[in-house]
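Below are the chains, spelled out letter by letter.
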Amino acid sequence: ITKFNFSGYHKPDEKTLQGLKDVANKLRILSIKATCASNSGHPTSCCSMAELMSVLFFNTMRYKVEDPRNQCNDRFVLSKGHAAPILYAVWAEAGYLKESDLLNLRKIDSDLEGHPTPKLQFVDMATGSLGQGLGAACGMAYTGKHFDKSSYRVYCMLGDGECAEGSVWEAMAFASHYKLDNLVAVIDVNRLGQSEPTSLQHDMETYRKRCEAFGWNTYVVDGHDVEELCKAFWQAQQVKGKPTCIVAKTLKGKGLKDIEDNLNWHGKAIPKDRAEALLKELEALIQVPNKTLCPELPKDDAAPADLSPILLPSPPAYKKGEKVAPRRAYGVALTRLGQSNQRVVALDGDTKNSTFAETFKKAFPDRYIECFIAEQNMVGVAMGCATRDRTVAFASTFSAFLSRAYDQIRMGAVSQTNVNLVGSHCGVSIGEDGPSQMALEDLAMFRAIPTCTVFYPSDAVSTERAVELSANTKGMCFIRTSRPESEVIYSPDEKFEVGVAKVVRQSDKDHVTVIGAGVTLHEALAAADMLASEGKNIRVIDPFTIKPLDASTILASARATGGRIITVEDHYKEGGLGEAVLSAVGEEPGIVVTRIAVTSVPRSGKPQELMDLYGISAKHIANAVPGLVMNC
């Protein structure tokens, strides 16, 4: 157990300490009642952290009960999301929820779900896929310290089992590197995992050494001693230059006779015939049943978010015909957007000189976060930054490496996040770096995410507009930026909209509609020129957004070209542009879609060589057209 420096500490009076003990037992009671009502849930996981939650919410944290999402409030992230019932119990004890609402836990018409989501005003991040809460808390704490420059603090409750997740330690490294002294992690070390004891069980010294090795101010405490917890949380507030981790030794199912510290009770409601006696025992421990404790109010030192549209200060400054890499245009666009609004921030995973996020960093170093090579944490931090509309966050890396963070991305949809993810170096067109760097699955990945808008710009102008639109689009956005320099095909005043495609080449004699995006749009245009010299005309479409896809424009063009469509993409066949188009026209009679895509794991080579080798270059498009016309 840690020895503290208590200089300046005022011990709570006995009435307050007893009140905190009483609240802890009330939270146990409410958690048991809720899980019994739903006949499912994790009451033993709630019981181990009852004192921790009591002291946090009724002695330590500052917040407005009636306005849980107020920008000045202290933040709380329940990383061990399966303990949701005790979080709901806290807000009932605070007076925000009715106790009767807790009995609707996990019911179809209740927002008190099995794991917390932001459908509830007091939840910023959905949790339950373990190991993700601390990364989001890092984003909130970084925002509070460096962007809002506010006094609010961030608390994150982790389970000991989830500390086996590498993403936890990515977040630990991030927080200490950036000296997030407004962040407190609490590890509820209750010894027991889901199916067996955790690897460290109650080896508190190893927990201490690991946290300290990652640069955290660390206290090991008895997690059921409210006085000791009051001291630890107070001490954490005094520490400057380091985040604090409170490692709390607890017992799973604390307070429940014959269940406490026993295996095989994870995720099980207490049987009703046993619950009644256990509830009576807990109720007998409560000395002052009436509510006596209220949270302290926060300082009013964070301004409400300005939610007005964020627009580029002027049209893109490119001329038709010049060659600019879309990835470079992303950096320019983000910087120009940052000139318009201070809420725009950028994050990157040590690829900023390739994604061109460095352009933004040079202009606004105070609004750039280097997340290093830890993509899971980068995405989690970005989502934390974006909570409560405090920032408009853009996080970039090679598109292939975003697959490492797919679980965070998946949970981002559940969290209703508005974060913007930007993936460069997509497809075989990156060239010599080879297949480990080539994103060929990313469109499929992001198309599968509900709420996600997928932008695939094809030149510098459309890239700038994609960045502008994503900053104002609700939900997650993904922008796929190509590596090669591409010809600017749009004028600076061209208007772009989400879900609206561009017909970039057409005539009254078009035989086939060809749909390309990014580099393959330019290959399609080159194929159109080749075919035109032979007296054959094709219509070329730039979808701009792959999700939502402009089905009406595609269908109209298909009908005008004999029902013949060719899709060509620098992506695997599965889940990409071709399948998106198939989904859009699949129920329409008389339309045939021919898909040209990368069909095997590629190799290193020059970009044009690779596009030729894998069948997505202009000559392959041109060769596919006569056969399609003949067959129809």
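Residues numbered from 1 in each chain as written. Predicted model: local features only at pLDDT ≥ 70, side-chain atom pairs only at ≥ 80, totals over all residues. Heavy atoms only, no water.

It is worth spelling out the nonpolar core at this point. Ranked by internal contacts, the top residues of the largest apolar core, which has 80 residues, are Leu-134, Leu-183, Leu-347, Leu-421 and Phe-446. Here the element with the most residues in this core is helix α5 (residues 133-147); it accounts for eight residues. Ignoring anything within four residues of it in the chain, the contact list for Leu-421 reads Val-379, Ala-395, Leu-402, Ile-409, Phe-446, Met-476, Cys-477, Phe-478 and Ile-479. (Core = buried A, V, L, I, M, F, W, Y, C linked by side-chain atoms within 4.5 Å. Buried < 20%, exposed > 50% of the residue type's maximum accessible area, 1.4 Å probe, protein only. Helix = DSSP H or I, 4+ residues; strand = E, 2+ residues; numbered from the N terminus. Contact = heavy atoms within 4.5 Å.)

On to the sheet that holds strand β9 (residues 392-398). By way of backbone hydrogen bonds, the strands of a sheet pair with one another, either parallel or antiparallel. A sheet is described by the order of its strands in space; here seven strands give the open sequence β8-β7-β9-β10-β12-β11-β17, paired in mixed fashion. In the strand order of this sheet, the two ends are held by β8 (368-370) and β17 (545-547), each with one partner. Neighbour-to-neighbour, the strand axes of the sheet open up by a mean angle of 20°, direction not taken into account. (Pairing = 2+ DSSP bridges. Axes fitted to C-alpha atoms, helices over the stretch in contact; angles between N-to-C directions.)

With that settled, the discussion passes to the domain arrangement of the protein. You can read the domains of the protein as domain 1 (22-285), domain 2 (322-488) and domain 3 (502-630). On a C-alpha basis, the centroid separation for the pair domain 2 and domain 3 is 25 Å. When the two sides are added together, the surface that domain 2 and domain 3 hide from each other amounts to roughly 2,500 Å², 61% of it contributed by carbon and sulfur. It is Leu-440, Arg-447 and Tyr-456 in domain 2 that bury the most area against domain 3; as a group they hold 28% of the surface buried on that side. On inspection of domain 2 and its partner domain 3, the count reaches one salt bridge. Where Lys-606 meets Glu-432, a salt bridge forms, and the shortest distance between an N and an O atom there is 3.9 Å. Inspection of the region where domain 2 meets domain 3 yields 21 residue pairs in polar contact (both at pLDDT 80 or more). Secondary structure elements with two or more residues in the side of domain 2 that touches domain 3: α15 (442-447), β11 (453-455), α16 (460-471) and β13 (486-487). Counting residues per element, the side of domain 2 that touches domain 3 draws most heavily on α15, at five residues. For the side of domain 2 that touches domain 3, the per-class residue count stands at 20 nonpolar, nine polar and eight charged. (Domains from an automatic or database assignment. Buried area = accessible area lost by both parts, 1.4 Å probe. Salt bridge = Lys/Arg side-chain N within 4 Å of Asp/Glu carboxyl O. Polar contact = N/O pair within 3.5 Å; in protein donor to acceptor, adjacent residues only side chain to side chain. Nonpolar A, V, L, I, M, F, W, Y, C, P; charged D, E, K, R; others polar.)

The next thing to look at is the sheet that holds strand β18 (residues 564-572). The strand order β14-β16-β15-β18-β19 describes an open sheet built from five strands, whose pairing is mixed. Only two strands of the sheet have a single partner each, and these edge strands are β14 (502-505) and β19 (592-598). This sheet shows a mean twist of 25° between the axes of neighbouring strands, independent of strand direction. One ladder, built from four bridges, connects strand β15 (residues 510-516) with β18; its direction is parallel. In the sheet register, Gly-516 faces β18, and the bridge partner there is Val-568. Contacts from helix α17 (residues 519-532) reach β14, β15, β16 (537-542) and β18, with the element oriented near 165° to β16. Sheet strands touched by helix α19 (residues 577-585): β15, β18 and β19. Its angle to β18, the strand with the most contacts, is close to 145°.

On to the pairing of strand β4 (residues 217-222), then. Most of β4 is tucked away: five of the six residues are buried. Sheet topology places β4 next to strand β5 (residues 244-249); six bridges connect them, and they run parallel. Its bridge partner being in β5, Val-220 is matched across the sheet by Val-247. Each parallel crossover has a hand, and for β4 linked through helix α8 (residues 226-238) to β5 it is right-handed. (Right-handed = clockwise from strand over helix to strand, strands pointing away.)

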